[in-house]
Every structure is written in C-alpha cells, then in structure tokens.
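What the coordinates show
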Amino acid sequence: MIRKPYERPAMVRNVVGRMNKAGLASGIARRESVEGLSIEKLCAEYGSPLFVFSERRIRSRVREAREAFGRRHPNVTLCCSYKTNYLGAICAIQHQEGSLAEVVSGMEYEKARRLGIPGNRIVFNGPMKTRDELVRAIREDAILHADSLDEIYSIERLAAEMNTKPVVGVRVGVDAGVHPRWDRFGFDLASGQAAQAVRRIAAGGRLTLGGLHCHIGTYILDPGAYSKAAKQIAEFAAEIEKMFGVSPTHLDLGGGFASNNTLGSQYYAGGIAPTIDNYAEAISTALMSAGNGRTRLLPLLIEPGRAIVDDAGTLITTVVSSKSLANGRKGVVVDAGVNLLFTAWWYRLGIETDRATDGLLEETAVYGPLCMNIDCIRESVPLPDLRPGDHLVVHPVGAYAFTQSMQFIRLRPAVVLVNESGVAECIRRAEVLDDLDGPERLPERFKPREEGNRSAPTSRPV
Ligand SMILES: Cc1ncc(COP(=O)(O)O)c(C=O)c1O
C-alpha cells in the first residue's frame, strides 16, 4: 500500500472585511487604471514601484483654494509649500497658477530660483537659515520670516555689513487649541515674545518690519483653530501699531489644512477633512472682524501643502511574495515600503487592487521590501489572495511621501505626471547607483585592483 505523505493541517481565519458600528467594511476597492492610464502599461514602461501625479488634480485644488479665499478676502495669494512636494514639475504647476514659493531651506530656495521664481516671490520660513542663505535672501528681496531673536540679530549684523535695511517679518506662535502645540517655532504671542521681536525690529534701526506669519500645525481638522489663530494675529497687528507705530506688510496664516487622507488612529476611513471653503470662511471671517480697518486690508498669504497635492499622488506597487505568518495571519511583501512611504507611520493609506477579486478577503499585513522589521505600510487591510506580479495602488501619497522618501536599501523609483491631455510624462527618472555613489570619494587604497593582481583571497570562504 502506498502511503500518502503527511500533510500538516492548517487553519486560516477568513474575515470578510472588518466590522464597525456602521456594519461590514466594504472590502477592497478595485482600480485598473490611474488617471485613465492602464496600471499594467505604466509599470511596463516606467517600472514598479511608480509614483503617478495628476496635473489636473493639482490645478483644480489650487483654483478651488484661490477661489474659496478670493470670494471672502480682498487680497489673497497662495504659496506653494516646497517641503510638501518639491518635484520641479509639481511646484511649476502651482507657480503657473499664480502661487508664490514657500521654502524652509537654502536648498528649497535654490530650487525655486531654478524654476524662475524671483526672490521677491519667495517666502523664506523655517528655524534655520545660514549666513549665506540670509545674504542671498536679503540681496534678492525675499519675503523673510524670522524664527528667533538670534536670527534677528544675525540679520541686523548682515544688514550693517551689506549697508541695507532688509524687510523682516516674524513667525508668531499662538494657542489655537491645537495639540500638541507647535511651540518650538517662532515667537510666542501670549508671553510677550512676539511683541519683543517686533520691538527689536522697530527700534533696532537696522530692519523694517515685514509680515506676521503663523503656522499652527498640520492636518488640522478643525477650521475653528484657524479662526482663533487669525483673530489673535489680526489683533496683534493692530496692537503693534499702537505700541510701536509699525504695521506689518502682510499676514500669513501658513498651511496645515487636512487632506482626504486617513489618520492611523481614525475610526472611519477618509472623507472627514473640512473643505477648503470651511478653512477660508474661518480665516477670512476672523480677519475681517478683528484688528482695525488697516489690518483688514493687509495682503493675506496662505501656504497649504497637503491639501493641494496629497490627492494628486498615487503609488503603484507590485506584490513580490505572499506568505502565512507564524500566527496564521496573512502577509504580502510589495516592492514599496517605508523608504517611499514614510507617511505610512501616521496615515492609514488607502490600498486598492488592480483586478477583479472573487475569492474571500483576508486581513493582510502589507510589508515593504526592506530587510527591516519596521517596514510595514499597513498592519491589516482586507485583501484577496494575491500572487507575485499583482499590483496594489496606494493613495493618497502626493504630500510628503516623495520629499521624505529615502535611498535606504533601495533606490528611488520613477515619477510620472499625467498631463491634462491624459498623457504620462516622466518627471523624474528611476535612480541608478551613481545617484547614490556620486558624492562618495573612495580613498585610493580601497579601490579594487586590476584582475589577476589581487592580494585579496579569490576563493569563497567555507
Ligand atoms: C511654515 C509652513 N508652511 C506650510 C506648511 C505646509 O503644511 P501642510 O502640508 O500641513 O499644509 C508647513 C508644513 O509643516 C510649514 O511648516
């Protein structure tokens, strides 16, 4: 008698979506195309993983924001937050729509200049600006917002050396009910630090007061926080007029509007972000009812980052392997991990499949390709049975994912922009090893010798 080989029994828990108080979760969405282009074809042409951006979506978000504020305030200008996504094409689209550049480093400043943006259309924020960066910003008339008294002193010294009187604004820190408070930036209003900074600028004789800047945080779901911030800034503007006889050149309420992403801790997926109209209403109403007649006419700058570009970015990734974990749970390894999606630490990124699924869905962990345990982009998402080569679509990833991506273990993939005619254009090629190795200098003694002239052992160690 032929005995069949023993097969260990396996028990797998099949879960059809996750239950919440609204019933069963609807399972997995399916998307065969991104911006009307076949995922299969995009991967065949540009490789996987692949970032895909939509020009149409960026333009329509900028226009929506511009109109929302324009309907409520006499003089509003949007700024493109470079750190949110400084791919040249993504910033250029926003500049074509009339946005200024908002930068927080000399590198970002130079990127804006290379896109043809003159200094006087660059808002220079951030807690660190080097001497050279400040010299350039002063010479080119950039819209400077100082972050500390030390920075104001440095600018005063440079002003003396350069024999000029730069216009310098201040970043003001307010309590807008946002927790945790971003209180490490700028000058606290309540404790009098902001007034002290303005006094120094007004009385020091070397500088002229620029704008009052305030950025209360990021992914702020409550427009009411902007009402509070705007009211305090407007009243401070009126107050410094009385106290020091100076008026700011503009008010800048920063960014921080939420995008339609889902926080990791959030119960429901997506769809809870206020509209840009809600934020515009909160800010404009507060500005128009606080301060005085002059502060109400001050130009207003707004620096939304994620609310403009998050939704425009998608990442296509490919399944490398599928496995059963030690506890019977399912896991898949895909070719994009936290090296490209650092944002997966905070957001429950949406994941969709690119094909019809008729089998059961199972709660699955989605791991990246890095040989590190931290590399997980979703701990648990209902997914069908996936095979190597299947694609997953991760969305939204337009904000911060690319700028925070790193060459850790793997190089960065290509980025394409789908233009308004629906045609994909490569806006960043996939990296090659020279992009990583380029700045390295290998001392002569470490360089590999000519073949046949090696002192190192050539046989494999056993
Ligand atoms: C000064 C400043 N402005 C604008 C932004 C853009 O913020 P968000 O992407 O949340 O709109 C940031 C982000 O941290 C910032 O620090």
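These notes cover the structure that comes with them. All of these numbers come straight from a predicted model, not from anything done at the bench.

**What about the site of the ligand?**
For the ligand, the set of nearby residues contains 16 residues, the closest of which are Thr218, Gly255, Glu303, Gly305 and Arg306. Each residue belonging to the shell around the ligand can be placed in one class, and the counts come to 4 nonpolar, 9 polar and 3 charged.

**Quick word on the packing of helix 7 (residues 193-204) against helix 8 (residues 223-244)**
Running from amino to carboxyl end, helix 7 crosses helix 8 at an angle of 45 degrees, the nearest separation of the two axes being 11 Å. The pairing of helix 7 with helix 8 is recorded here as oblique in orientation. In terms of crossing hand, the pair formed by helix 7 and helix 8 is right-handed. Taken together, the residues of helix 8 that come into contact with helix 7 (itself represented by Ala194, Ala195, Val198, Arg199 and Ala202) are Phe236, Ile240, Met243 and Phe244. When grouped by side-chain class, the residues that make up the contact of helix 7 with helix 8 number 8 nonpolar, no polar and 1 charged.

**As for unusual backbone geometry**
The step from Ser48 to Pro49 runs through a cis peptide bond, and the omega angle for that step is 0 degrees. Backbone torsion omega between His179 and Pro180 reads -10 degrees, so that peptide bond is classified as cis. As for its position among the elements, Pro180 is in the loop between strand 10 (167-173) and strand 11 (187-188). One non-glycine residue, Glu35, lies in positive phi territory at about 50 degrees. Following the sequence through the fold, Glu35 ends up in the loop between strand 3 (33-34) and strand 4 (37-38). Residue class for Glu35 comes out buried when judged on the 20 C-beta atoms lying within 10 Å of it. At Tyr400, a residue that is not glycine, the phi angle is positive and equals roughly 65 degrees.

**Regarding the pairing of strand 5 (residues 50-54)**
Most of strand 5 sits inside the fold, with 5 of its 5 residues counted as buried. Of the two faces of strand 5, the one carrying Leu50, Val52 and Ser54 and the one carrying Phe51 and Phe53 are both buried. With 4 bridges joining them, strand 5 and strand 15 (residues 313-324) adopt antiparallel strand pairing. If you follow Phe51 over to strand 15, its bridge partner there is Leu315. Relative to strand 21 (residues 415-418), strand 5 runs parallel, the two sharing 4 bridges. Across the sheet, the residue bridging to Val52 is Val416, located in strand 21.

The rules behind each value
- Residues numbered from 1 in each chain as written.
- Predicted model: local features only at pLDDT ≥ 70, side-chain atom pairs only at ≥ 80, totals over all residues.
- Near = placed C-beta within 6 Å.
- Nonpolar A, V, L, I, M, F, W, Y, C, P; charged D, E, K, R; others polar.
- Axes fitted to C-alpha atoms, helices over the stretch in contact; angles between N-to-C directions.
- Helix = DSSP H or I, 4+ residues; strand = E, 2+ residues; numbered from the N terminus.
- Parallel < 35°, antiparallel > 145°, perpendicular 65-115°, else oblique.
- Left-handed = near helix turned anticlockwise from the far one by under 90°.
- Contact = placed C-beta atoms within 7 Å.
- Buried ≥ 20, exposed ≤ 12 C-beta atoms within 10 Å, placed from the backbone.
- Pairing = 2+ DSSP bridges.

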